[in-house]
Amino acid sequence: MSDRLGMKVVVVGAGIVGSAVAYRLGQLGASVTIVDRAFPGAGTSGATFSWLNSFDKKPRAYHLLNLMGMAEHRALAAELDLSDCVHFDGALMWERVDANARQVAPTVVTGHAGFVGGVAGDLTTELATNGLASRIESCRRLGYLIEELTPQEARSLESEIDFGRGDVPVVYSMPNEGWIDARGVAYRLAAAAVDRYKAELMLGKLVVRVDPRDGSGADVVLSDGARIACDVAINAAGPESGRLAAASGVALPVERSLGVMFVTSSAPVRLRHVVHAPGVTMRPDGATRVMARVARFDSQVDEGRPWSCADSRCSEVIAAASTVLPNLRYGSIESVRVGVRSIPGDGVSIVGTASGSPHLYHVITHSGATLGPVLGRLVASDLLLGAPPELASFRPDRFVDSGTASGSR
Ligand SMILES: Cc1cc2nc3c(=O)[nH]c(=O)nc-3n(C[C@H](O)[C@H](O)[C@H](O)COP(=O)(O)OP(=O)(O)OC[C@H]3O[C@@H](n4cnc5c(N)ncnc54)[C@H](O)[C@@H]3O)c2cc1C
């Protein structure tokens, strides 16, 4: 690896994370091969809610990384003309207060893992009474931009949303947030890596493990027995990344967690914001379709066994979504998508090599829709230019006994 800029790198996985890493590595002069068992965006990046945010993400280093992720999306959208995939129209969040019962109907905040007290605590958090206010307060302490609107003011932003009948005291607006078509971003990054920087794209190839080479470097071993020699391999296999690491002799704590999303048929609606309403979370999915999530259904899905659109739970989703966006009653659920999150043991990203295996570099994260592009930039810099301080909190060796945790990048 004497000439770092001519470094040969194999990226395993063409999701939003691997494709971003490949693109930025190519831009810095590395010779890149991308290997995917399917196609760009075929994995979780094709089945995600993909809310761009750093809402209540903890600890502080992870919050800052997600803020950088949001900013990086703006820059990348300009660089690759991604205006059809990247949308910064903001997010709205509110809860209902029942004046008689003096109770708060829970708002469901889904789609991101903040590290809260040792668990990835807000994947599907039903906010308890006053939960939303305290989380808003915690965001504000970190300087996160949140505005308070009256329902009337919120209606001027989203004229078709029903913000309640006097039972919604405040609507919180996060104007810097947005959403993406993550499969689209993954595909365009991989295509740009090929077109601009001559990356090689190997699709339909399953990687079974990564072996160290005698001396230095790695052999990426495919299921057909072929081996691809390189200086370093990148494990960006999303929910398969824990298994790929284990098969390559590296034990990393990565949990797989299922989530289900419902996409409506085309309906006479106009929605621009990501919306966190009591009982349902929604975002646009094209001009007249909506993607909806109802958090309690996450625990009812099985991997590889998607529900039929005739399942009665799809009617429940339409009913819940119609209370917020009434014209959705003219729509139906057209597709049910099950995605698999990869959740590192402490909830935050794993980025770098582990001690004793410098040939295999891991980029494993939840919130990859927000973080993919910024991790791409930081990882390329880490490998070719020098270690960025922003990655210091995310090294794999934090999971290793401190006595053996040294020498990792
Ligand atoms: C329900 C749900 C909601 C979410 N909501 C949000 C959100 O609101 N905001 C947010 O920022 N993030 C969200 N996420 C997380 C985000 O979608 C993921 O973190 C991100 O898409 C992961 O990207 P990735 O590139 O790491 O993985 P993937 O997109 O899964 O890509 C991995 C690729 O590797 C390939 N692969 C796997 N194993 C192998 C192998 N052995 N050999 C060759 N190829 C292989 C796969 O085919 C795939 O293309 C959500 C996820 C889920 C499931």
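Anything mentioned here points back to the structure above.
All values derive from a computational prediction rather than experimental measurement.

With 16 residues, helix H5 (residues 182-197) extends 21 Å from end C-alpha to end C-alpha; this agrees with the ideal 22 Å at 1.5 Å per step. Positive phi appears at Lys 198, one or two residues downstream of H5, with a value of about 60°.

In contact at an axis separation of 8 Å, helix H1 (residues 16-27) and H5 are set at 25° when each is read in the N-to-C sense. Judged by the angle between their axes, H1 and H5 are roughly parallel. Here the hand of the crossing between H1 and H5 comes out left-handed. Together, Ile 16, Ser 19, Ala 20, Ala 22, Tyr 23, Gly 26 and Gln 27 of H1 and Ala 182, Val 185, Ala 186, Leu 189, Ala 190, Ala 192, Ala 193, Arg 196 and Tyr 197 of H5 make up the contact between the two elements. In terms of residue class, the contact of H1 with H5 is made up of 12 nonpolar, 3 polar and 1 charged.

Let's shift gears to the site of the ligand. In the vicinity of the ligand lie 41 residues, with Gly 15, Gly 43, Gly 238, Gly 259 and Gly 368 positioned nearest. Counting only elements with at least two residues in the shell around the ligand, the list comes to H1, strand S2 (31-36), strand S20 (254-264), strand S24 (333-344) and helix H8 (368-384). Its residues placed into classes, the shell around the ligand shows 19 nonpolar, 18 polar and 4 charged. Mapping the shell around the ligand onto the domain boundaries places at least three of its residues in each of domain 1 (4-77 + 182-253 + 347-399) and domain 2 (91-175 + 256-343).

Spatially, 8 strands are ordered S12-S13-S5-S21-S22-S23-S20-S24 in an open sheet, and the strand pairing comes out mixed. In the strand order of this sheet, the two ends are held by strand S12 (147-149) and S24, each with one partner. Strand-to-strand twist of the sheet, defined as the mean angle between neighbouring strand axes without regard to direction, takes the value 25°.

The step from Lys 58 to Pro 59 runs through a cis peptide bond, and the omega angle for that step is -5°. Notably, Ser 50 is not glycine yet its phi reads approximately 50°, a positive angle. On the secondary structure map, Ser 50 appears in the loop between S2 and strand S3 (51-52). Of note in the backbone geometry, Asp 56 takes a positive phi value of approximately 55° without being a glycine. Checked against the element boundaries, Asp 56 lands in the loop between S3 and helix H2 (60-80).

Strand order in the open sheet formed by 3 strands is S3-S14-S4, and the pairing between neighbours is antiparallel. Looking along the sheet, the strands with just one partner apiece sit at the ends: S3 and strand S4 (86-87). Examined bridge by bridge, S3 and strand S14 (residues 178-180) share 2 bridges and lie antiparallel to one another. Counted as the bridge partner of Leu 52 is Gly 178 from S14.

Attention now moves to helix H3 (residues 131-141). For H3, the full list of buried residues reads Leu 132, Arg 135 and Cys 139. Viewed along the axis of H3, the buried residues span an arc of 65°, placing them on a single side of the element. What points out from H3, more than 90 degrees from its buried face, is the exposed set Ser 134, Glu 137, Arg 140 and Arg 141. Residues of H3 that are buried in the fold lie against strand S5 (91-94). Two residues or fewer past H3, Gly 143 is found with a positive phi of approximately 80°.

Another aspect to go through is the nonpolar core. Counting 113 residues, the largest nonpolar core has Val 12, Val 21 and Ala 321 as the members making the most contacts within it. Sort the elements by how many residues they give to this core and H8 lands first, with 8 residues. If you count residues domain by domain, this core takes at least three from each of domain 1 (4-77 + 182-253 + 347-399) and domain 2 (91-175 + 256-343). Contact partners of Ala 321, with chain neighbours within four places excluded, come to Val 280, Met 282, Val 290, Ala 292 and Leu 328.

About the thresholds
Residues numbered from 1 in each chain as written. Predicted model: local features only at pLDDT ≥ 70, side-chain atom pairs only at ≥ 80, totals over all residues. Helix = DSSP H or I, 4+ residues; strand = E, 2+ residues; numbered from the N terminus. Expected span 1.5 Å × (residues − 1). Axes fitted to C-alpha atoms, helices over the stretch in contact; angles between N-to-C directions. Parallel < 35°, antiparallel > 145°, perpendicular 65-115°, else oblique. Left-handed = near helix turned anticlockwise from the far one by under 90°. Contact = placed C-beta atoms within 7 Å. Nonpolar A, V, L, I, M, F, W, Y, C, P; charged D, E, K, R; others polar. Near = placed C-beta within 6 Å. Domains from an automatic or database assignment. Pairing = 2+ DSSP bridges. Buried ≥ 20, exposed ≤ 12 C-beta atoms within 10 Å, placed from the backbone. Arc of directions from axis to C-beta. Core = buried A, V, L, I, M, F, W, Y, C linked by C-beta atoms within 7 Å.

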